[in-house]
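Descriptive analysis of the structure
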Number of protein chains: 4
Amino acid sequence: MRIKDENKQQRIKEAMVSLILREGIDGTSVAKIAKEAGVSPATIYVYYDSKEEMLAEVFREYSSAPYRYLMQRVTPDMEPAALIETIVRGCYSFSREHEEIFSFVEQCSRCPNLSEYVSEEECSCDILDLIHGYQERGALRPYSDWNMGAVLFAPVRFLAMNRCEESPGEEQLSELIRMLQRLLLY
Amino acid sequence: MRIKDENKQQRIKEAMVSLILREGIDGTSVAKIAKEAGVSPATIYVYYDSKEEMLAEVFREYSSAPYRYLMQRVTPDMEPAALIETIVRGCYSFSREHEEIFSFVEQCSRCPNLSEYVSEEECSCDILDLIHGYQERGALRPYSDWNMGAVLFAPVRFLAMNRCEESPGEEQLSELIRMLQRLLLY
Amino acid sequence: MRIKDENKQQRIKEAMVSLILREGIDGTSVAKIAKEAGVSPATIYVYYDSKEEMLAEVFREYSSAPYRYLMQRVTPDMEPAALIETIVRGCYSFSREHEEIFSFVEQCSRCPNLSEYVSEEECSCDILDLIHGYQERGALRPYSDWNMGAVLFAPVRFLAMNRCEESPGEEQLSELIRMLQRLLLY
Amino acid sequence: MRIKDENKQQRIKEAMVSLILREGIDGTSVAKIAKEAGVSPATIYVYYDSKEEMLAEVFREYSSAPYRYLMQRVTPDMEPAALIETIVRGCYSFSREHEEIFSFVEQCSRCPNLSEYVSEEECSCDILDLIHGYQERGALRPYSDWNMGAVLFAPVRFLAMNRCEESPGEEQLSELIRMLQRLLLY
DNA sequence: CATGAATGAGAATTCATTCAT
DNA sequence: GATGAATGAATTCTCATTCAT
């Protein structure tokens, strides 16, 4: 028998995510995904039971991608100010380097049928653990997890979403970093 | 006769927004909208040229709804601290009182085909004007519009999106308000 | 608006029944039915919610057709011998004149998912009522409904099903009639 | 190795027949059969050239099963009355003991594409030969083979098909036997 | 204005079958 | 012989839209 081609599944995922960036979830059909991935529509059903399950599974997988990306850039011995900067810049550069995944996750997390498959808090738990360390030794103010997440991730994503010609990018980003440092450091 | 028309269009809009909360944009068809609104599918085309245009038009209309809601609750002579509290609480209570519109706007603003019809900055310009007033007279720190918007609206929406049993709500909200007051007041 | 075309629904039914005679239930797709009826596949779903429901509904409608056919040929004042002859010949000629419906009903009544929609006894109740009359006045032997139905309808249908060149038809039929007369008359 | 093969083919046959009882011919796919038999879809094509041929072959094999079942229960020296009783009861108990095969054969024999692979008369020839013996020595009335088959098999199958709570079963069966004895004995 | 009927195009999914191992 | 992967073709059904009234 032929061996299951991991490469093929990867291509399917990438095709899906890429299409969803360009056309949105509801503009993305199984047929289009198959064509973009260079496989038959039927092949997709070898790997996933349904379109919905495919979305959910890939969403589950990718929803923690930005946090994994961050985790590779932060260390527990960074200066607190650098930590904040790294997080904010990391969030932003993730959204540029992995535009497709960023847009995919943003869309899925707003979609009522999909959002319940994934919880933000689970995805961000590693980075929050790290932040706890800082909080415990008095290097960051002891705000709750919810609000730490809310201020560290939401505004920068907001900028990433709404970026356009008029938004200078770098300047905004530096300002936001300074704001969060003032907010979270002693 | 005039009333009846307005009524019908209103019912169509509400049906659409309500369906989109429950089933997501791509689970919402013209036929379903028509059934939910109690009209014929053809009637929808009396008011809108296409489904896409309908979505865009309603999105355009509702995207400023949270800001209009806020504008009714703030006044230029509030204490700055109260202004911040009112904005944050307003954002949150809007998301509870108008769950459907909130979810609809969140979904649309992430959808590549729709998001370009509307710009956040236009929607929020009134409230930003008001904030400018405060900034000019030194009552709020002079951060850029982009970042004022980012920190005032994004985190509270983040809480509203991810609210669940474990998130106490009121406590989180008060904490967030205190954080923003510390950040934005002198 | 356009008016619902009864003629169209009739054509759909006939197309379906005709195809099922030629190709069997599992060789009959909605697309083929639509083509044969000269309508779009989508039109079929204006009249029926699903293929299964279409089959069930038409089955329900046609399953009593042979009995209605019989009822038009018998009268309560016939001689008992003539009654038996009329029933048997009626069954047979129905199977020739309405070959499609005959085959359709035979197929559906053997299909596990469909057979439960229709009960033989309900369909045959009129003719059995008439037979009761004969039985009560001692013109036919007082066998149970089930067995009256079993011997009056099953053997002739068996002949109709298995007819071929070697089966002479008329001779068999006359013999069967004589048999049933001997069996049921005093 | 030989045993394993036979085993596998047997399991395939049983899976198919069992599925067809539950879901009907058109609800039974090669994939489902394979899963139910615990083999790969490809394996089925080791034994059969196509789905149609598989159906035809198994139909051919099983269509004579009820007659073989009967032949094991009758002997040429039975009393004629007992012969009739044995045939009728045999038909009925076959339909209960081998529900799946019974339903399978009934469905196939009504299906236009399959019925031509098998002729009833061939299947029933052994039992008809035996009946000829009785007829020649004047123990059964000399009706034609077609009608002997028609009255001996069709009514009892009709009862077996339409059996339900309201049909008492045993009582009906005894009555039917008495009827046929009166009809066929001198 | 308002509509139910009608539809071509396309949706998701399944099918019978084949291929490479 | 036996298999899981792979697929082109076909399946059922839905879609956004238009038509005739």
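On to the relation of the copies chain A and chain B, then. Least-squares fitting of chain A to chain B yields an RMSD of 0.2 Å, with the transformation described by 0.0 Å of translation along the axis and a rotation of 180 degrees. Put plainly, the chains are arranged around a two-fold axis. Judged by C-alpha distance, A:Asp26 is the residue of chain A that lies nearest the rotation axis, at 2.4 Å. Comparing interface residues between copies, 100% of those in chain A also sit at the interface in chain B, which points to an isologous, same-surface contact.

Here we come to the packing of helix H1 (residues 6–23) of chain A against helix H4 (residues 51–63) of chain A. All names here are of chain A. Where H1 meets H4, the closest approach of the two axes is 11 Å, and the angle between their N-to-C directions is 90 degrees. By the angle class used here, H1 and H4 are roughly perpendicular. Of the residues in H4, those touching H1 at Gln 10, Ile 12, Lys 13, Met 16, Val 17 and Ile 20 are Met 54, Leu 55, Val 58, Glu 61 and Tyr 62. When its residues are assigned to classes, the contact of H1 with H4 shows eight nonpolar, one polar and two charged.

What follows covers the interface of chain D and chain C. Taken residue by residue, the interface counts 43 residues in chain D and 43 residues in chain C. Of the roughly 3800 Å² buried at the junction of chain D and chain C (both faces included), carbon and sulfur atoms supply 60%. At the junction of chain D and chain C, the tally comes to two salt bridges. Here chain D is connected to chain C by 17 residue pairs in polar contact (both at pLDDT 80 or more). Every element with two or more residues in the side of chain D that touches chain C is listed here: helix H1 (2–23), helix H7 (99–110), helix H8 (112–115), helix H9 (120–123), helix H11 (145–162) and helix H12 (170–184) of chain D. It is H11(D) that provides the largest number of residues to the side of chain D that touches chain C, a total of 12 residues.

Quick look at the packing of aromatic side chains now. Under the defined criterion, the tally for this structure stands at 14 aromatic pairs over all chains. Between B:Phe59 and B:Phe104 the ring centres are 6.5 Å apart and the planes differ by 80 degrees, which places this aromatic pair in the edge-to-face class. One end of the pair, B:Phe59, is in helix H4 (residues 51–63); the other, B:Phe104, is in helix H7 (residues 99–110), with 45 residues separating them in the sequence. Where B:Tyr67 meets B:Phe153, the ring centres are 5.1 Å apart and the plane angle is 75 degrees; that geometry is what we call edge-to-face. One end of the pair, B:Tyr67, is in helix H5 (residues 65–71); the other, B:Phe153, is in helix H11 (residues 145–162), and 86 residues separate them in sequence. In this structure, B:Tyr67 and B:Phe153 share a single accessibility class: buried. Taken together, the ring pairs in this structure connect B:Phe59, B:Tyr62 and B:Phe104 into an aromatic cluster. The ring of A:Tyr134 carries A:Arg137 above its face, with NZ or CZ at 4.3 Å from the centroid.

Right, let's get into the relation of the copies chain D and chain C. Superposition of the two copies of the chain requires a rotation about an axis together with a shift along that axis. Note on the copies: chain D fits chain C at an RMSD of 0.2 Å, the axial shift is 0.0 Å, and the rotation between them is 180 degrees. A share of 98% of interface residues in chain D that are also interface residues in chain C marks the association as one of identical surfaces.

Now for the interface of chain A and chain B. Listed per partner, the contact involves 42 residues of chain A and 42 residues of chain B. Carbon and sulfur atoms make up 60% of the area that chain A and chain B hide from each other, which totals about 3800 Å². If you sort the residues of chain A by the area they bury against chain B, A:Arg110, A:Trp146 and A:Arg182 come out on top, with a joint share of 20%. The interface formed by chain A and chain B includes two salt bridges. A salt bridge links B:Arg110 to A:Glu106, with the shortest nitrogen-to-oxygen separation between them at 3.0 Å. Our count for the chain A to chain B interface comes out at 17 residue pairs in polar contact (both at pLDDT 80 or more). Of all the elements in the fold, those that place two or more residues in the side of chain A that touches chain B are H1, helix H7 (99–110), helix H8 (112–115), helix H9 (120–123), helix H11 (145–162) and helix H12 (170–184) of chain A. With 12 residues, H11(A) is the largest single contributor of residues to the side of chain A that touches chain B. Among the residues making up the side of chain A that touches chain B, the classes are represented as 20 nonpolar, 10 polar and 12 charged.

A word on helix H2 (residues 30–37) of chain B. Every α-helix carries 3.6 residues per turn, so stepping three or four residues along brings you back to the same face. All names here are of chain B. Those residues of H2 lying buried are Val 30, Ile 33, Ala 34 and Ala 37. Mapping the buried residues of H2 onto a view down its axis gives an arc of 100 degrees, with all of them on the same face. Of the residues flanking the end of H2, it is Gly 38, one or two places downstream, whose phi is positive at about 75 degrees.

Attention shifts here to the domain arrangement of chain A. Residue and element names in this part refer to chain A. Domain annotation of chain A identifies domain 1 (1–48) and domain 2 (52–184). The straight-line distance from the C-alpha centre of domain 1 to that of domain 2 is 28 Å. Tallying the contact residues gives 13 residues for domain 1 and 14 residues for domain 2. At the boundary of domain 1 and domain 2, one finds one salt bridge. Residue Lys 13 is joined to Glu 61 by a salt bridge in which the shortest nitrogen-to-oxygen separation is 2.9 Å. Remark: the boundary between domain 1 and domain 2 carries four residue pairs in polar contact (both at pLDDT 80 or more).

So, how was this worked out
- Here the residue numbering is sequential within each chain, running from 1 through the sequence in written order.
- For naming, the first written chain is A and the first written ligand is 1, with later ones following in the order written.
- Restriction of local features to residues with pLDDT of at least 70 applies here, the model being predicted, together with a cutoff of 80 or more for giving and counting side-chain atom pairs; totals for whole chains, interfaces and linings are based on all residues.
- Where side-chain values are given, they derive from all heavy atoms of the structure, hydrogens and water being excluded.
- Overlaid copies result from least-squares superposition on C-alpha atoms, with residues included only where pLDDT is at least 70 in both.
- Any pair of residues with heavy atoms lying within 4.5 Å of one another is described as a contacting pair.
- An axis is simply a line fitted to the C-alpha atoms; with a helix, the fit covers only the stretch in contact. Between two such axes, the angle follows the N-to-C directions and lies from 0 to 180 degrees.
- A run of DSSP states H or I qualifies as a helix once it reaches four residues; a run of E qualifies as a strand once it reaches two. Both are numbered from the N-terminal end.
- Oblique is the label for every angle not falling under 35 degrees (roughly parallel), over 145 degrees (roughly antiparallel), or within 65 to 115 degrees (roughly perpendicular).
- In this classification, Asp, Glu, Lys and Arg are treated as charged, Ala, Val, Leu, Ile, Met, Phe, Trp, Tyr, Cys and Pro as nonpolar, and every other residue, Gly included, as polar.
- Values labelled buried area give the accessible surface lost by two parts on being combined, using a 1.4 Å probe and summing over both.
- Take a side-chain nitrogen of Lys or Arg and a carboxyl oxygen of Asp or Glu: if they are within 4 Å of each other, that pair is a salt bridge.
- Residues adjacent in sequence count toward polar contacts only when both atoms are side-chain atoms; beyond that, a polar contact is any pair of N or O atoms within 3.5 Å, and within protein one must be able to donate a hydrogen and the other to accept it.
- Centres within 6.5 Å are what make two rings of Phe, Tyr or Trp a pair, Trp counting through its six-membered ring; a difference in plane orientation under 30 degrees is then read as stacked, over 60 as edge-to-face, and the rest as tilted.
- Burial status follows relative accessibility: with a 1.4 Å probe on protein chains alone, a residue under 20% of its type maximum counts as buried, one over 50% as exposed, and anything between as partly exposed.
- Ring-over charges, as used throughout, are those where CZ of Arg or NZ of Lys falls within 6 Å of the ring centre and within 35 degrees of the ring normal.
- The arc in question is the one traced by the directions running from the helix axis out to the C-beta atoms.
- These domain boundaries are the output of an automatic or database domain assignment.

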